[in-house]
Amino acid sequence: MRPFTYSRAGSVEEAAKTAAGTPGARFIAGGTNLLDLMKLQIETPTHLIDVNHLGLDRIERTAEGGLRIGAMVRNTDLAADATVRRDYAVLSRALLAGASGQLRNKATTGGNLLQRTRCPYFYDTRMPCNKRKPGSGCGALKGMSRSLAILGTSEACIAQHPSDMAVALRLLDAGVDTVRADGSRRTIPIADFHRLPGATPHVENALGPCEFITSVTLPQPLGGTHVYRKVRDRASYAFALVSVAAVFARDGKARFAFGGIATKPWRSDAADAAAPSGAAAVAEAALNGARPTAHNGFKQQLTARTLASLYRQKEA
Amino acid sequence: MTVEPMSRRNLLQGSAAAAAALPALGEARAAPADHRHARKEEGSMTPVGLTVNGREVHLHLDPRTTLLDALREHLRLTGTKKGCDHGQCGACTVIVEGRRINSCLTLAVMHEGDRITTVEGLGTPEKLHPMQRAFITHDGYQCGYCTPGQICSAVAVLDEIAAGIPSHVTDDLDKVAFSDREVRERMSGNICRCAAYSNIVAAIREVAEGEKA
């Protein structure tokens with residue numbers, strides 16, 4: 001790791017202010033992704049602001065009948081929360097499908113949203129990568145791209161978004177609550193939070209400089225049957241090749257969100273509209289515009305088959 | 001056959017040498033003043049107080065020091081192992097404030113005031129923790145490198161099941177119960193390259209059944 005200094009923030013405002021006054025500073029929460037990347041010198045902060053002790057570890061009802069999840073709520077606690085299990089089971093399922101028990105004990109709700117891609121060319125500092133080093137090119141486009149995205153890609157980047165949790169939050173139309181360095185607050189809809197790579201794949205989300213995530217807010221429960229299906233190379237502790245989050249209503253309507261196949265947690269209005277027609281129609285709609293490489297075309301068929309499996313599961 | 005499972009290092013070094021190599025827990029290696037000054041330019045030394053295996057320790061650390069390196073290099077608690085150093089193998093698993101974590105993916109300075117249990121804190125060669133005893137009984141290791149992490153993880157897994165924390169293979173999120181399937185899923189963050197997995201599951205099952213009885 002490159003040398004850095006360390007401080008512990010006493011309040012949200014102090015955290016944002018310290019960040020604003022310290023060039024090269026980063027917030028550290030669970031640290032499970034940031035420290036990994038710092039060891040590889042992909043991330044090189046000069047100062048770390050520890051935001052673990054700001055009282056942002058609570059889960060509470062909102063006045064609107066939804067749920068406010070503090071940014072420092074650990075993945076384990078969020079998945080196990082009684083209200084989440086009952087009303088937002090797809091979120092519990094997505095969290096439990098990710099990482100290992102040890103990592104979920106550390107990883108936070110806010111940090112997970114900022115988790116960076118697992119594209120091997122992003123991780124290998126000897127390779128060109130527009131996300132890691134803007135303008136250096138993309139090693140993946142003509143490289144080993146089996147794990148990478150087929151939707152939302154650009155000529156500059158085909159890195160897949162790695163999160164399971166964020167796929168469920170996308171499905172549930174969560175809002176990301178933030179505070180900026182000047183103390184002002186806002187809520188960013190999850191649909192707008194993660195950005196498509198376009199020509200600037202290093203810009204991954206809508207956060208401004210020093211903007212800090214304080215909580216994630218879920219709207220009222222959707223009801224219905226919640227399912228999350230993740231397909232990967234190992235039965236456990238691996239990133240998704242394809243994942244599908246779904247909530248099926250009794251009247252045949254449903255909504256879907258996809259992971260592993262896109263550059264951000266993916267939704268498609270056309271896929272949701274196709275729900276009553278069955279899995280094949282949903283897959284066709286969801287995969288409209290897919291641009292597979294020589295190695296990851298299989299993800300199209302795998303998505304269709306995962307959807308078929310989900311339809312069978314909800315009937316069981 | 002006599003088995004000395006607790007310390008490979010004792011075995012390698014001979015017990016007298018090993019005893020000399022283990023300074024009193026809690027004494028950080030004091031760096032010479034000029035050396036500390038030199039380090040200051042790289043990143044200032046940061047004080048941190050931890051409670052490790054029931055004993056309070058105070059260290060001055062380069063903030064880059066992971067909890068794993070603080071335990072091994074500064075406190076000489078070498079039971080906890082460094083495998084991949086990237087959170088992929090689980091060899092560095094310790095229990096912090098009652099929860100298992102990868103000690104390689106957290107900074108020691110982030111753990112001010114925390115209670116940390118390593119494999120050395122679970123039991124001693126004279127008084128083994130039931131999980132340590134079960135790993136010996138069931139031959140839950142071959143080379144032994146991943147074993148401290150496996151044991152710390154396994155102890156925490158049984159606590160997680162008892163606390164009703166669900167897993168990926170829990171059919172009904174509200175009904176969490178011990179099963180071999182649950183153990184396999186929950187232990188997936190601990191890799192054993194000797195593949196002693198079936199014996200590890202047997203060891204954990206024995207302890208779980210013992211706790212129930």
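Here the structure is a predicted model, which is why all the values come from computation and not from measurement.

Chemist: How would you sum up the domain arrangement of chain B? Please name residues and give values.
Modeler: All names here are of chain B. We note that the domain assignment places domain 1 (46-121) and domain 2 (123-212) within chain B. Taking the mean C-alpha position of each, domain 1 and domain 2 sit 21 Å from one another. The interface is formed by 17 residues belonging to domain 1 together with 15 residues belonging to domain 2. Approximately 1300 Å² of surface area, both sides summed, lies buried where domain 1 meets domain 2, with 53% of it carried by carbon and sulfur atoms. Our count for the domain 1 to domain 2 interface comes out at 1 salt bridge. Measuring nitrogen to oxygen at the nearest pair gives 2.9 Å for the salt bridge that ties Arg100 to Glu160.

Chemist: Could you give me a rundown of the pattern of salt bridges, with the residues and numbers involved?
Modeler: The full count for this structure, using the stated rule, is 28 salt bridges over all chains. In this structure, Arg116 of chain A and Glu204 of chain A form a salt bridge, with 3.0 Å as the shortest nitrogen-oxygen distance. Note that Arg116 of chain A is positioned in the loop between helix 7 (109-113) and helix 8 (120-123) and Glu204 of chain A in the loop between helix 10 (190-193) and strand 8 (212-218), a separation of 88 residues in sequence. Using a relative accessible area of 15% as the deciding quantity, one classes Glu204 of chain A as buried. Among the ionic pairs, Glu97 of chain B bridges to Arg115 of chain B, the shortest N-O distance being 3.0 Å. With Glu97 of chain B in the loop between strand 3 (93-96) and strand 4 (99-102) and Arg115 of chain B in strand 5 (residues 115-117), this residue pair connects regions lying 18 residues apart in the sequence. Residue class for Glu97 of chain B comes out partly exposed when judged on its relative accessible area of 36%.

Chemist: If you had to explain the interface of chain A and chain B to someone new, which residues and values would you point to?
Modeler: At the junction of the two partners, chain A supplies 41 residues and chain B supplies 41 residues. Summing the contributions of chain A and of chain B, the shared interface buries around 3300 Å²; its carbon and sulfur component is 55%. The interface formed by chain A and chain B holds 3 salt bridges in total. Where Lys39 of chain A meets Asp85 of chain B, a salt bridge forms, and the shortest distance between an N and an O atom there is 2.9 Å. At 5 residues, the largest contribution of residues to the side of chain A that touches chain B is made by helix 6 (residues 101-106) of chain A.

Chemist: Can you explain the side chain of Lys299 of chain A? Please cite residues and give values.
Modeler: All names here are of chain A. With respect to the helices, strands and loops of the structure, Lys299 is situated in helix 13 (residues 298-315). Despite its burial, Lys299 pairs with no opposite charge; the closest candidate is Asp233, at 9.0 Å N-O. Within the structure, the side chain of Lys299 is placed 2.7 Å from the backbone oxygen of Gly260, a separation counted as a polar contact. Residues within four places of Lys299 in sequence aside, it is in contact with Arg146, Ser147, Leu148, Ile150, Leu241, Val242, Gly260 and Ile261.

Chemist: A description of the packing of aromatic side chains should follow, citing residues and the corresponding values.
Modeler: Residue and element names in this part refer to chain A. Counted by the stated rule, this structure contains 5 aromatic pairs over all chains. Aromatic pair Phe122 and Tyr123: ring centres 6.0 Å apart, planes at 75°, arrangement edge-to-face. Exposure remark for Phe122: the relative accessible area of 0% places this residue in the buried category. Through pairs of rings, three or more aromatic residues link up here, namely Phe248, Phe256 and Tyr311.

Chemist: So, unusual backbone geometry: which residues are in play, and what are the values?
Modeler: Unusually for a residue other than glycine, Tyr237 of chain A sits at a positive phi of about 55°. Relative to the elements of secondary structure, Tyr237 of chain A occurs in the loop between strand 9 (225-231) and strand 10 (242-248). Among the residues examined, Tyr237 of chain A registers a relative accessible area of 9% and is labelled buried. Positive phi outside glycine occurs at Ala195 of chain B, with the angle close to 60°.

Chemist: Any chance you could break down the nonpolar core for me, citing the residues and the numbers?
Modeler: Core analysis: the largest hydrophobic core is formed by 50 residues, its most contacted members being Leu91, Leu113, Leu169 and Leu218 of chain A. Sequence-distant contacts of Leu91 of chain A, defined by excluding residues within four places in its chain, comprise Ile69, Leu78, Val84, Met165, Ala168, Leu169, Leu172 and Leu218 of chain A. Counting residues in each nonpolar core, the second largest holds 32 residues, with Phe4 of chain A together with Val96, Leu107 and Ile116 of chain B among its members.

Chemist: Tell me what's going on with helix 13 of chain A, and back it up with residues and numbers.
Modeler: All names here are of chain A. With 18 residues, helix 13 ought to run about 26 Å at 1.5 Å a step, and its terminal C-alpha atoms sit 26 Å apart, in line with that. The set of residues buried in helix 13 consists of Lys299, Leu302, Thr303, Thr306, Leu307, Ser309, Leu310 and Tyr311. Considering only its buried residues, helix 13 is in contact with strand 9, strand 10, strand 11 (254-259) and helix 12 (279-286).

Chemist: Kindly report on the sheet that holds strand 9 of chain A, identifying the contributing residues and their values.
Modeler: Residues and elements named next belong to chain A. Taken in spatial order, the 3 strands line up as 9-10-11 in an open sheet, and their pairing is antiparallel. With one partner strand each, in any of the chains shown, strand 9 and strand 11 form the two edges of the open sheet. Direction aside, the axes of adjacent strands within the sheet are offset by 10° on average. Where strand 9 lies against strand 10, 7 bridges are found, and the strand directions are antiparallel. What sits directly across from Val227, in strand 10, is Ala246. Lying over the sheet, helix 13 contacts strand 9, strand 10 and strand 11, oriented at roughly 35° with respect to strand 10.

Chemist: How would you summarise the environment of Gly101 of chain A if you had to cite specific residues and measurements?
Modeler: Tracing the sequence through the fold places Gly101 of chain A in helix 6. A sequence separation of 79 residues divides Gly101 of chain A from Arg180 of chain A, and the C-alpha atoms of the two residues are 32 Å apart. If we skip the residues at most four places from it in the chain, Gly101 of chain A touches Thr76 of chain A together with Arg100 of chain B.

Chemist: Hey, could you go over the confidence of the model for chain B for me, with residue numbers and the actual values?
Modeler: All names here are of chain B. Looking at chain B as a whole, its pLDDT mean stands at 86, while 79% of the residues score no less than 70. In the predicted structure, residues 1-41 sits below a pLDDT of 50 and forms 40 contacts with residues beyond four places in sequence or in another chain. Listed scores for the predicted complex are pTM 0.92 and ipTM 0.97.

Rules used throughout
- Residues numbered from 1 in each chain as written.
- Chains lettered and ligands numbered in written order.
- Predicted model: local features only at pLDDT ≥ 70, side-chain atom pairs only at ≥ 80, totals over all residues.
- Heavy atoms only, no water.
- Domains from an automatic or database assignment.
- Contact = heavy atoms within 4.5 Å.
- Buried area = accessible area lost by both parts, 1.4 Å probe.
- Salt bridge = Lys/Arg side-chain N within 4 Å of Asp/Glu carboxyl O.
- Helix = DSSP H or I, 4+ residues; strand = E, 2+ residues; numbered from the N terminus.
- Buried < 20%, exposed > 50% of the residue type's maximum accessible area, 1.4 Å probe, protein only.
- Lys, Arg positive; Asp, Glu negative; His and termini not counted.
- Polar contact = N/O pair within 3.5 Å; in protein donor to acceptor, adjacent residues only side chain to side chain.
- Phe/Tyr/Trp six-rings, centres within 6.5 Å; stacked < 30°, edge-to-face > 60°.
- Core = buried A, V, L, I, M, F, W, Y, C linked by side-chain atoms within 4.5 Å.
- Expected span 1.5 Å × (residues − 1).
- Pairing = 2+ DSSP bridges.
- Axes fitted to C-alpha atoms, helices over the stretch in contact; angles between N-to-C directions.
- pLDDT = per-residue confidence, 0-100.

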